[in-house]
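# Breakdown of the fold
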Amino acid sequence: MFVGCLALNASFEPLTMVPMRRALRLVIDGKAEIVEADHGKVVRSERMTLPHPAVIRLTRFIHVPRKFRRQVTNTFLFARDHYQCQYCGRHQSALKPRESLTRDHLIPLSRGGLNQWNNVVTACNHCNTRKGNRMPNEIDMHPLHQPTEPHFVHLSWAVRRLTPPQAKYIELFYGAETLAEIRSIEGPRALL
Ligand SMILES: [Zn+2]
């Protein structure tokens, strides 16, 4: 099983998950410090023995460009929309073979719509084809939820599992409410 490490900015803002090897490299190079370790596990390199990092913090603050945070990816888009077609309401698990979730633009790209969070929704390929390049009003297809830009970290957690020490840092920075929301998206599996 893939075990990632939560990386925090110098400000303690949770940034992302990094693979364990990358996390260790950052620590060994002095670019990050370990703030939480998995007890009882160690990693040995030629010169040192390190605790197994669960949460690391970058020693220097990095600016994360808004552009990067705002990028629409299907992984995050589908998670935002709870893996549910926003037109027919079917969940991914209810799709037939050869059907799949796709990205639909409310205002079609061909008509000046932008590839931004507030203009994209999850749609099954059937509904996406039916809507074609028409405006929602023209074909009377309206999404179940008006799309909005999701919280970046919120979404990155929607597709991963939190370990308790990692969850603590999300709670510290974003509050218990955000953590509860994230868990409701992840499902009961996350409530270890
Ligand atoms: Zn559909």
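Preceding this section is the structure that the text describes.
Report follows, based on the coordinates.

Procedures and definitions
- Residues numbered from 1 in each chain as written.
- Predicted model: local features only at pLDDT ≥ 70, side-chain atom pairs only at ≥ 80, totals over all residues.
- Heavy atoms only, no water.
- Pairing = 2+ DSSP bridges.
- Helix = DSSP H or I, 4+ residues; strand = E, 2+ residues; numbered from the N terminus.
- Axes fitted to C-alpha atoms, helices over the stretch in contact; angles between N-to-C directions.
- Contact = heavy atoms within 4.5 Å.
- Buried < 20%, exposed > 50% of the residue type's maximum accessible area, 1.4 Å probe, protein only.
- Arc of directions from axis to C-beta.
- Salt bridge = Lys/Arg side-chain N within 4 Å of Asp/Glu carboxyl O.
- Polar contact = N/O pair within 3.5 Å; in protein donor to acceptor, adjacent residues only side chain to side chain.
- Donors = N, O, S within 2.8 Å, 3.2 Å for Na, K, Ca; no water.
- Tetrahedral: all angles 85-135°; square planar, octahedral: opposite > 155°, others 65-115°.
- Core = buried A, V, L, I, M, F, W, Y, C linked by side-chain atoms within 4.5 Å.

On the basis of which strands lie adjacent, the open sheet formed by four strands has the order E2-E1-E4-E3 and mixed pairing. Unpaired on one side and paired on the other, strand E2 (14-19) and strand E3 (32-44) mark the two borders of the sheet. The average undirected angle you get between the axes of adjacent strands in this sheet is 35 degrees. In terms of strand pairing, strand E1 (residues 4-8) meets strand E4 (residues 49-58) through three bridges, oriented parallel. Across the sheet, residue Leu6 finds its bridge partner in E4, namely Val55. Across the sheet, helix H1 (residues 20-28) lies against E1, E2, E3 and E4, angled at about 90 degrees from E4, the strand it touches most.

Right, let's get into H1. Considered for burial, the residues of H1 that qualify are Met20, Ala23, Leu24, Leu26 and Val27. Projected down its long axis, H1 shows its buried positions confined to an angular sector of 160 degrees, all on one face. Buried residues along H1 sit in contact with E1, E2, E3 and E4. One or two steps after H1, the chain reaches Gly30, where phi turns positive at roughly 80 degrees.

Okay, the pattern of salt bridges next. The full count for this structure, using the stated rule, is seven salt bridges. Asp29 is paired through a salt bridge with Arg25; the nearest N and O atoms lie 3.1 Å apart. Using a relative accessible area of 41% as the deciding quantity, one classes Asp29 as partly exposed. Residue Arg25 is classed as partly exposed on the basis of its relative accessible area, which comes to 44%. A salt bridge links Glu99 to Arg90; its shortest N-O distance comes to 2.9 Å. Using a relative accessible area of 21% as the deciding quantity, one classes Arg90 as partly exposed.

Okay, the side chain of Asp104 next. Position of Asp104 among the secondary structure elements: in strand E5 (residues 101-105). Side chain to side chain, Asp104 and Tyr87 meet in a polar contact 2.6 Å long. Setting aside anything within four residues of it in sequence, one finds Asp104 in contact with Tyr87, Asn119, Val120, Val121, Ala123, Asn128 and Lys131.

Now for the coordination of the zinc ion. Taken together, Cys85 (SG), Cys88 (SG), Cys124 (SG) and Cys127 (SG) make up the full set of protein donors to the zinc ion, lying 2.3 Å away. Bound by four donor atoms, the zinc ion shows angles of 100 to 118 degrees at the metal and therefore tetrahedral coordination geometry.

In this structure, Cys85, Tyr87, Trp117 and Cys127 are the most contacted members of the largest nonpolar core, which totals 17 residues. When residues of this core are traced back to their parent elements, those giving at least two are helix H3 (74-80) and strand E6 (120-124). Sorting elements by how many residues they give to this core places E6 first, with four residues. Grouped together as the second largest cluster of nonpolar side chains are 13 residues, Cys5, Ala23, Leu26 and Leu50 included.

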